[in-house]
Structures are given as structure tokens and as C-alpha cells.
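Chain residues, written in single-letter form:
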Amino acid sequence: MDIVMGKRLELFEKIKALHSKNQQAVDQEAHSNKENSNEAIKHHLLQWFHEKNRKIDDGYNYEIPHIPAKRAKQSEDSTNSSCSDTWSTDSVQSSETEGDCDDEPSDDIADLSLKSARSIMLATFKVLSLQHLTIRNHLLPLGKVLKVKCRSQGKYEMVIPLAKALIDAHHIEIESEGIINYKNILRKQVKVVTAIDELL
């Protein structure tokens, strides 16, 4: 009888030890899965922050609602002569373009509008949209050459002082049959005197 009880106790201890070992393995696996999940979340957040910082560096303004616009298949001249510039998908540019058509003309460079500044920058860099220009690679280097302070500014805040500086330094000229309207300069009016490659 004692022998049978002893074997049963021994078997019970083995089962208990095996169960404890299995439980430890399960706990370790759960802990490992939790760590992997936390690492994945951390990696995802880091990617999101890097992407957000990259967009901010490129001039993206998170405080302004951005509504994509359809790109119209128009020539460069017809695009510039239209009040609604369909090359850009940024609502800030579109609203500024529409607003310029209703403004009174001005021959004062101090009244240079965003639309006019954008036309100047597009002609200077030979691109179709400001989206092709970045603050870090294009606007800041140009500001440094022109000695224009534009740190801590967004893309659409920088283009106006940069465009004025290009005009003042005679790196570009505005062609006009009469008085220049600085509120509505078209890209076809912008004559690049100094190529951007020479400036940078």
C-alpha cells in the first residue's frame, strides 16, 4: 500500500513539475509577444513622427485643411492666365489665386501677392508646382544666398520675401507692356536673368 501511494505521489510531483514548466513557457511566450507588440507600436510611432517632421520641413501646414484639386490638362500659358491655377493641389494656393483676381492692381512691390511670388519661384526653379520645391533643399539655400531671413517659416511664408529679393537683386525681370501689377504677375511675364544653378 505504501509503495502504491509513493508511486502516486511521485507521479503527481512529476505532473506538477511538468505543468509548472509548461506554464513558465506560456508566460515567457506571452511576455515575448507583448514586447514584440510594444516594439512594433514604438516603431510605427517613430515612423509617423519622422514623416510628420519631413512634411513640416517641406512646408506642409497641418493647421490648414488641404483639399486635393483635380489637375487640369492645360498648357503653361493658359494655366498662368487663369485665376484658378490647376497645377497646384494646395487649397492655400487656390484660394490666393482666386482672391488676386478681385484685388485692385498695384505697382508697389510691397503688395506682391502669393500668386505672383509663386509664379516667380516656379519660373526661377523651372518647376510646375511649389510641391516640387522643399524648404531644406531649395528655399533655405536660396534665402541664404539672397540674405533673406526665413528660418521657422513655412513654404508659403517664404516665397514672398524670396521673390521680392530676386526682383531687387535683378536676378529676374518682370516683362510688362505697361505698369507692372505686382498682385497678378503671370509666369510668362517672368524673365530669369540669373539661372538658379548660378545662384546656388
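Parameters and conventions
Think of each chain on its own: its residues are numbered from 1, step by step along the sequence as written. The predicted origin of the model limits local features to residues at a pLDDT of at least 70 and limits the giving and counting of side-chain atom pairs to 80 or more, whereas totals for whole chains, interfaces and linings rest on all residues. For the side-chain quantities, the full set of heavy atoms in the structure was used; hydrogens and water were omitted. Helix and strand assignments come from DSSP, with helices taken as H or I runs of at least 4 residues and strands as E runs of at least 2, each series counted from the N terminus. Type-normalised accessible area, obtained with a 1.4 Å probe on protein chains alone, sets the label of each residue: buried when under 20%, exposed when over 50%, and partly exposed for intermediate values. Here, nonpolar core refers to any group of buried Ala, Val, Leu, Ile, Met, Phe, Trp, Tyr and Cys residues whose side-chain atoms link them within 4.5 Å. It only takes one pair of heavy atoms within 4.5 Å for two residues to be counted as in contact. Angles shown run from 0 to 180 degrees and are taken between the N-to-C directions of axes, each axis being a line fitted to C-alpha atoms and, for helices, limited to the stretch in contact. For classification, angles of less than 35 degrees are called roughly parallel, those exceeding 145 degrees roughly antiparallel, those between 65 and 115 degrees roughly perpendicular, and all remaining angles oblique. Here is the rule for handedness: rotate from the far helix to the near one, and if that takes an anticlockwise turn smaller than a right angle the crossing is left-handed, while a clockwise turn gives right-handed. Gly counts as polar in this scheme, as do all residues outside two lists: the nonpolar Ala, Val, Leu, Ile, Met, Phe, Trp, Tyr, Cys and Pro, and the charged Asp, Glu, Lys and Arg. The predictor attaches a confidence to each residue, called pLDDT, with possible values from 0 through 100.

### Focus on the side chain of S116
Now for step 1: Considering the arrangement of structural elements, one finds S116 in helix 4 (residues 114-125).
Now for step 2: Among the residues examined, S116 registers a relative accessible area of 0% and is labelled buried.

### Re the nonpolar core
Now for step 1: By size, the foremost hydrophobic cluster in this structure holds 32 residues, and its most contacted members are I120, M121, F125, L139, L142, L162 and L166.
Now for step 2: Looking at this core, the elements with two or more residues in it are helix 4, helix 5 (135-146), helix 6 (155-168), strand 1 (172-174) and helix 7 (196-199).
Now for step 3: If sequence neighbours within four positions are ignored, I120 has contacts with L112, A163, L166, I167, I172, I174, I185 and V190.

### Some details on the packing of helix 4 against helix 6
Now for step 1: Contact pair helix 4 / helix 6: the axes reach a minimum separation of 8 Å and the direction vectors enclose 70 degrees. One way to sum up the angle between helix 4 and helix 6 is to call them roughly perpendicular. Helix 6 is crossed by helix 4, and the crossing has left-handed handedness. Touching L114, A117, I120, M121 and T124 of helix 4 are Y156, V159, I160, L162, A163, L166 and I167, all from helix 6.
Now for step 2: Among the residues making up the contact of helix 4 with helix 6, the classes are represented as 11 nonpolar, 1 polar and no charged.

### Description of the confidence of the model for the protein chain
Now for step 1: Summary statistics for the protein chain give a mean pLDDT of 76 and a share of 72% for residues scoring 70 or more.
Now for step 2: Counting interchain partners and residues more than four positions distant, the pLDDT-below-50 stretch residues 69-79 has 18 contacts.
Now for step 3: This stretch, residues 81-102, has a pLDDT under 50; its non-local contacts, to residues over four places away or in other chains, come to 51 contacts.

### Things to note about unusual backbone geometry
Glycine aside, residues mostly have negative phi angles, and peptide bonds mostly take the trans form.
Now for step 1: The phi dihedral of K126 falls on the positive side, at around 55 degrees, and the residue is not glycine.
Now for step 2: Along the chain, the position of K126 falls in the loop between helix 4 and helix 5.
Now for step 3: A relative accessible area of 69% places K126 in the exposed class.
Now for step 4: Of note, the phi angle at K147 is positive, near 60 degrees, even though the residue is not glycine.
Now for step 5: You can see K147 is positioned in the loop between helix 5 and helix 6.
Now for step 6: On the basis of relative accessible area, K147 is assigned to the exposed category, the value being 77%.

### Things to note about the packing of helix 5 against helix 6
Now for step 1: Interaxial distance between helix 5 and helix 6 falls to 10 Å at its minimum, and their mutual angle equals 35 degrees. In the crossing of helix 5 with helix 6, the sense of the turn from one axis to the other is left-handed. On the side of helix 5, the interface is formed by I135, L139, L140, L142, G143 and L146, while helix 6 contributes K155, M158, V159, L162, A165 and L166.
Now for step 2: Across the contact of helix 5 with helix 6, the residue classes break down as 10 nonpolar, 1 polar and 1 charged.

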